[in-house]
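Report on the structure
The chain contents come next:
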Amino acid sequence: MSHWSVEHRGGVAKLTFTRPPRNFIDFASMADLGDLLEQLAQQTDQVKVVMLTGGIDDYFVGGGDIADLQRAGRGEAPDGIPSWLRLTRLLRDIPQPTVAAIDGRAHGGGNELALACQLRIGSERARLGLPEVTLGIIPGGGGSQRLPRLIGPGAGAEAILRGKTFTADEALRLGWLNAVLPVDGFVDAAVAWCQEMANLSSTALFAAKRVFVRGLELPLEQGLEYEIEEFLDIVGTSPEFDQFIRQLEQ
């Protein structure tokens, strides 16, 4: 049985992870989420934004399942790490923007799942961190690479080398979170926040995600060339832009 549930709300696919007691994500759940993302990638007519959230009070995803991580360290889970890499690549590569909606704790692997998304929103009680060094290990799901690129090497070092946990307000100031919403009614407010994107032109939204994601991985000059290619293509084909021009001409 999958620990992920899917609800479609106005162009937003809300994917909720519920695995008591502390919402640790196991390798099977990573594979299940990857399968769901592959399905949603084919539903661009109905789904324009994908939002991940937690179904256990005060947890987004608490971290990676300890037993699975131990098995991986002993070489007994050959499909485990590939499942994680597939999942994070899909969060990057599916057409729709991906959003982590964090109400409570997002530590370790849960934080790394959020970092693989393009956008992160938190409740006022959100707490984000990479505590691995305090446990005698290091981040293994992309945290040591994605986080410094997002918030800078100084704050990134605080999280990675000291294992510091950041509050929602601290994370917002650093750009780790894009918005902080009240705890009461958080999920509905997060969906509404995502629906603002879902109301935009699909053509523009998906193209904007492509240039944003790919540009981060390219040298500046190559990124600028890629942006121009996408820009010229969408200017010549976007029905929404054509309508905008007609309105100007009236």
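Each remark here, short or long, concerns the structure printed above.
Not measured: the values here are computed from a predicted model.

Things to note about the overall build of the chain
Across its full length, the chain holds 11 helices and 11 strands. At 19 Å, the chain has a C-alpha radius of gyration in line with the 18 Å of a compact globule built from 250 residues. Put simply, the chain has 250 residues, and 47% of those count as buried. As displayed, the chain has an accessible area near 12,500 Å², and 54% of this comes from carbon and sulfur atoms.

Quick look at the nonpolar core
As a rule of thumb, soluble globular proteins bury nonpolar side chains together. Of all hydrophobic cores here, the largest spans 44 residues; its most connected members are L15, L52 and L113. Top element by residues in this core is helix α1 (residues 27-41). It accounts for seven residues. Those residues in contact with L15, other than ones at most four positions away along the chain, are W4, S5, V6, L33, L36, L37, L40, V50, M51, L52 and T53. Of all hydrophobic cores here, the second largest spans 17 residues; its members include M51, A101, V191 and A198.

Thoughts on the sheet that holds strand β6 (residues 98-102)
Taken in spatial order, the six strands line up as β1-β2-β4-β6-β8-β11 in an open sheet, and their pairing is mixed. Bordering the open sheet on either side are β1 (4-9) and β11 (179-181), each of which pairs with just one other strand. Taking each pair of neighbouring strands and ignoring which way they run, the sheet shows an average axis angle of 25°.

Some words on the packing of helix α9 (residues 202-216) against helix α10 (residues 220-237)
The contact between α9 and α10 brings their axes to 10 Å, and the two run at 170°. Taken as axis vectors, α9 and α10 run roughly antiparallel relative to one another. In this structure, α9 contributes T203, A204, A207, R210, V211 and R214 to the contact, and α10 contributes Y226, E227, E230 and I234. In the contact of α9 with α10, the residues fall into five nonpolar, one polar and four charged.

Some points on helix α3 (residues 80-93)
Between its first and last C-alpha atoms α3 spans 20 Å; for 14 residues at 1.5 Å apiece the expected length is 20 Å, and the two agree. Within α3, the full set of buried residues consists of G80, S83, W84, L87, T88, L90 and L91. End-on, the buried residues of α3 take up no more than an arc of 155°, which puts them together on one face. Turning to α3, the residues buried within the fold contact α1, β4 (49-54), β6, α4 (109-115), α5 (143-151) and α9.

Re α10
For α10, with 18 residues, the first-to-last C-alpha span of 26 Å sits near the 26 Å given by 1.5 Å per residue. Within the sequence span of α10, burial applies to G223, Y226, E230 and I234. Angular distribution of buried residues about the axis of α10 spans 65°; they occupy a single face of the element. Away from its buried face, by an angle of more than 90 degrees, α10 presents the exposed residues E221, E225, E229, L232 and G236. Buried residues belonging to α10 abut α9.

Cut-offs applied
Residues numbered from 1 in each chain as written. Predicted model: local features only at pLDDT ≥ 70, side-chain atom pairs only at ≥ 80, totals over all residues. Heavy atoms only, no water. Helix = DSSP H or I, 4+ residues; strand = E, 2+ residues; numbered from the N terminus. Rg over C-alpha atoms; globule rule 2.2 N^0.38 Å. Buried < 20%, exposed > 50% of the residue type's maximum accessible area, 1.4 Å probe, protein only. Areas by Shrake-Rupley, 256 points an atom, 1.4 Å probe, with all protein chains shown as cover. Core = buried A, V, L, I, M, F, W, Y, C linked by side-chain atoms within 4.5 Å. Contact = heavy atoms within 4.5 Å. Pairing = 2+ DSSP bridges. Axes fitted to C-alpha atoms, helices over the stretch in contact; angles between N-to-C directions. Parallel < 35°, antiparallel > 145°, perpendicular 65-115°, else oblique. Nonpolar A, V, L, I, M, F, W, Y, C, P; charged D, E, K, R; others polar. Expected span 1.5 Å × (residues − 1). Arc of directions from axis to C-beta.

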